[in-house]
Amino acid sequence: MKQTRAIRDGNAYISGMDLTVIPGSRIVEVARLAFATPDVDFLCFGESDQPSPASACAAAVQALADGETRYADVRGLPALRTALAGYLTRLHARPVAEGRIQVTASGMAGLSIAMAAVLRAGDRMVVHDPIWPNIPNAARLRGAAVDQLDLVAQPDGGFRLDLDRLDAMMAGARAFILNTPGNPTGWTATGDELRAIRDICRRHGAWLLSDEVYSRLVYDGRAAAPSMLDLAEPDDRIIVCNSFSKTWPMTGWRLGWLVVPEGAAEAFVNIVEVTHSGVAPFIQRGGVAALGDGPAVEQFRAYCATGRRLAGEALTGLNGVRYRPPAGAFYAFLAVDGLRDSLDLAKKLVTRHGVAVAPGVAFGPAGEGWLRVCFAQSAALMERAMQRLRDGLRAEVGS
């Protein structure tokens, strides 16, 4: 049967099959080219080359040896929920009760579950742009309309959120999704900005979904970035999503959690049950061990700080490149003056210069003209890859 793409109700379909199609990842497009090209340094993915904490690995292996391979409580193991409640209560200004925590099979699964609880077909959701593309695409899969609010690019390469524009856009919206510290920009909201965002959502009766997976990766000496958990009331329409993937480098474990409003936990349990029926218990034992391994967090943040310094040194002195070291997360997001096709440039950097970076357009229209570099890598890799990037930018755009 011949298959062609068609558009219906704003979504793409493969005619003859009636399958929903969402846009493919341009990061994956660059990565596939890089995998097929010899001698390429990978800075395009949102993960580190560091191994997961040994404590987490040992705990998971022990749990497997102990036979923890059967169904677990869909809410999450009591030991993990209790450990998360203690961890979050120590880290933030307000206590988090164990009964508000729902364990999920990754941060992305948590966001999808939150959207399943909040969004209905035809609802309108607001996100800031640039943002990780899985977030707005997950909302579109639920039949929601997505309005993207451009972060305001600053002359020095930083960003800010226009709160007045957000207030205007939230009229009639069902939800706002916030990502701070942000991927790809590293933009990190201040406590005052978070309070204003909370108040805007309250005023419009909208849900606020706060993606805080990079909360511990900040570089100003604080233990964590400002969080909605510092100021949200237990009954606020606020859902906070987090994950083990970034703070501890545990991307492949697929382990995350939600903090949900007081009294709402059962609704989320039921959605998890029909979505992925809980998380493997041996994976959760690894999470318990990671939460108890304080040095692992500090060591990884220091590792990222070294990569951040090396990225800044390499990008200094490049004509036509605007870059400010990010306040949070582990990405260098750089603007290239006059760049109109970041995907094309990213491909040329792979094939001609041996370095893979993410094209800014992968993160939404406001990301066009930018490139994202993951600096959570070894010093040796960063030094070689950033030299390749410098050489490539000079050759391709005259930087």
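Quick caveat: nothing in here was measured; it's all calculated off a predicted structure.

K.L.:
Even after reading the chapter, I still don't get the nonpolar core, so can you show me in this structure?
P.N.:
When a protein is soluble and globular, its nonpolar side chains tend to lie buried together. Of all hydrophobic cores here, the largest spans 53 residues; its most connected members are Leu-166, Met-170, Phe-176, Met-228, Phe-244, Trp-248 and Trp-257. With five residues, helix H3 (residues 78–91) is the single largest residue contributor to this core. Excluding anything up to four places from it in sequence, Trp-248 contacts Pro-53, Tyr-87, Ser-243, Trp-257, Ala-290, Leu-291, Asp-293, Ala-296 and Val-297. In terms of nonpolar packing, the next biggest core, distinct from the first, is built from 37 residues, Cys-304, Tyr-331, Ala-332 and Leu-393 among them.

K.L.:
Can you walk me through the pattern of salt bridges in this structure?
P.N.:
Should their charged atoms come close, side chains of opposite charge can pair. Inspection of every chain in the model, using the stated rule, returns 24 salt bridges. With a closest N to O distance of 3.7 Å, Arg-216 and Glu-298 form a salt bridge. Here Arg-216, found in the loop between strand S11 (207–211) and strand S12 (238–243), pairs with Glu-298, found in helix H10 (residues 294–315); they are 82 residues apart in sequence, far enough to count as distant. Assessed through its relative accessible area of 7%, Arg-216 is described here as buried. A relative accessible area of 41% means that Glu-298 is categorised as partly exposed.

K.L.:
I would appreciate a short explanation of the packing of aromatic side chains in the present structure.
P.N.:
Two aromatic rings are characterised by how far apart their centres lie and by the angle between their planes. By the definition in use, this model includes 17 aromatic pairs. Centroid distance Phe-159 to Trp-370: 4.9 Å. Interplanar angle 40°. Geometry classified as tilted. A residue pair is termed long-range when its members are at least 10 positions apart, and Phe-159 in strand S9 (residues 159–160) and Trp-370 in strand S18 (residues 370–374) qualify at 211 residues. For Phe-159, a relative accessible area of 8% gives the class buried. Taking the centre distance of 5.0 Å and the plane angle of 75° together, the rings of Phe-330 and Tyr-331 count as edge-to-face. Linked through ring pairs, Tyr-214, Phe-300, Tyr-303, Phe-330 and Tyr-331 together constitute an aromatic cluster.

K.L.:
I'm lost on the sheet that holds strand S6 (residues 124–129) in this one. Help?
P.N.:
Strand order across the open sheet formed by seven strands is S5-S13-S12-S11-S10-S6-S7, with mixed pairing between neighbours. Of all the strands in the sheet, the pair left with one neighbour each is strand S5 (101–104) and strand S7 (145–150). Ignoring strand direction, the axes of neighbouring strands in this sheet form an average angle of 20°. Inspection of the sheet shows S11 paired to S12 by four bridges, in the parallel sense. Pairing of Asp-211 across the sheet is with Cys-241, part of S12.

K.L.:
Please clarify how the environment of His-353 should be interpreted in this entry.
P.N.:
Along the polypeptide, His-353 turns up in helix H11 (residues 342–353). In the structure, His-353 is positioned 43 residues away from Glu-396 in sequence and 9.9 Å away in space, judged by C-alpha atoms. In this view, His-353 contacts Lys-348, Arg-388, Asp-391, Gly-392, Ala-395 and Glu-396; residues no more than four positions away in its chain are not counted. Among the polar contacts listed, one links the side chain of His-353 to the side chain of Glu-396, at a separation of 2.8 Å.

K.L.:
Please clarify how the sheet that holds strand S17 (residues 358–359) should be interpreted in this entry.
P.N.:
Whenever strands of a sheet pair, they do so through backbone hydrogen bonds, lying parallel or antiparallel. Strand order in the open sheet formed by four strands is S14-S15-S18-S17, and the pairing between neighbours is antiparallel. Among the strands making up the open sheet, the edge pair consists of strand S14 (321–322) and S17. Here two bridges tie S17 to S18, and the two strands are oriented antiparallel to one another. Bridged to Pro-359 within S18 is Leu-371. Where helix H12 (residues 379–397) meets the sheet, its contacts fall on S14, strand S15 (331–336) and S18, and the angle it forms with S18 comes to roughly 165°.

K.L.:
Can you walk me through the packing of helix H4 (residues 107–118) against helix H5 (residues 134–141) in this structure?
P.N.:
Two quantities define a packed helix pair, namely the angle between the helix axes and the distance between the axes. Where H4 contacts H5, the two axes come as close as 10 Å, and the packing angle between them is 35°. Note that H4 runs across H5; the crossing there is right-handed. Packed against H4, whose contacting residues are Met-108, Leu-111, Ser-112 and Met-115, the element H5 presents Asn-134, Ile-135, Ala-138 and Ala-139 at the interface. Partitioning the contact of H4 with H5 into residue classes produces six nonpolar, two polar and no charged.

K.L.:
Teacher, can you tell me more about the side chain of Ser-245 here?
P.N.:
Secondary-structure assignment places Ser-245 in the loop between S12 and strand S13 (256–259). Take Ser-245: its relative accessible area is 8%, and that puts it in the buried class. Beyond its immediate chain neighbours, meaning those up to four positions away, Ser-245 contacts Met-250, Thr-251 and Arg-254.

K.L.:
Whenever I open this one, helix H8 (residues 265–275) confuses me. Can you help?
P.N.:
Residues three or four positions apart in an α-helix share a direction because the helix packs 3.6 residues into each turn. Of all the positions in H8, only Phe-268, Val-269, Ile-271 and Val-272 are classed as buried. One face of H8 carries all of its buried residues, which in axial projection span an arc of 165°. Residues of H8 that are exposed and point more than 90 degrees away from the buried face comprise Glu-266 and Val-274. Turning to H8, the residues buried within the fold contact S5, H4, S12 and S13. Taken from the residues just after H8, Ser-277 is the one with a positive phi, measuring 55°.

K.L.:
I would appreciate a short explanation of unusual backbone geometry in the present structure.
P.N.:
Working note: non-glycine residues mostly have negative phi, and peptide bonds are mostly trans. The peptide bond linking Asp-129 to Pro-130 adopts the cis configuration, its omega dihedral lying at 10°. Structurally, Pro-130 can be placed in the loop between S6 and H5. Residue Pro-181 is bonded to the preceding Thr-180 through a cis peptide linkage, with omega at -15°. Phi is positive for Ser-106, close to 105°, though the residue is something other than glycine. With respect to the helices and strands, Ser-106 occurs in the loop between S5 and H4. Residue Ser-106 is classed as buried on the basis of its relative accessible area of 4%. Phi at Ser-277 is positive, roughly 55°, even though this residue is not glycine. Structurally, the position occupied by Ser-277 is in the loop between H8 and helix H9 (281–291).

Conventions and cut-offs
Throughout, a residue's number is its position along its own chain's written sequence, starting from 1. Under the rules for a predicted model, residues below a pLDDT of 70 receive no local features and side-chain atom pairs below 80 are neither given nor counted, while totals for whole chains, interfaces and linings still include all residues. Think of the side-chain values as coming from all heavy atoms in the structure, minus any hydrogens and water. What makes a nonpolar core is a set of buried Ala, Val, Leu, Ile, Met, Phe, Trp, Tyr and Cys residues whose side-chain atoms join them at distances within 4.5 Å. Note on classification: 1.4 Å probe, protein chains only; a residue is buried when its accessible area is under 20% of the maximum for its type, exposed when over 50%, partly exposed between these limits. For the purposes of this entry, the term helix denotes a DSSP run of H or I that reaches at least four residues, the term strand denotes a run of E that reaches at least two, and both are numbered from the N terminus. Note on contacts: a residue pair is in contact if any heavy atoms of the two residues lie within 4.5 Å. The salt bridge criterion pairs a side-chain nitrogen of Lys or Arg with a carboxyl oxygen of Asp or Glu, the two atoms within 4 Å. Here the aromatic set is Phe, Tyr and Trp, taking the six-membered ring for Trp, and pairing holds for ring centres within 6.5 Å; pairs whose planes are under 30 degrees apart are stacked, those over 60 apart are edge-to-face, and all others are tilted. One requirement defines pairing of two strands: DSSP has to find at least two bridges between them. What counts as an axis is a line fitted to C-alpha atoms, over the stretch in contact for a helix, and the angles between N-to-C directions run from 0 to 180 degrees. Polar contact is the term for a pair of N or O atoms within 3.5 Å; when the atoms are in protein, one must be able to donate a hydrogen and the other to accept it, and sequence-neighboring residues count only if both atoms are side-chain atoms. Each crossing gets its hand from how the near helix is turned against the far one by less than a right angle, where anticlockwise is left-handed and clockwise is right-handed. Polarity classes work like this: nonpolar for Ala, Val, Leu, Ile, Met, Phe, Trp, Tyr, Cys and Pro, charged for Asp, Glu, Lys and Arg, and polar for all others, with Gly in that last group. By definition, the arc is the one covered by directions from the helix axis to the C-beta atoms.

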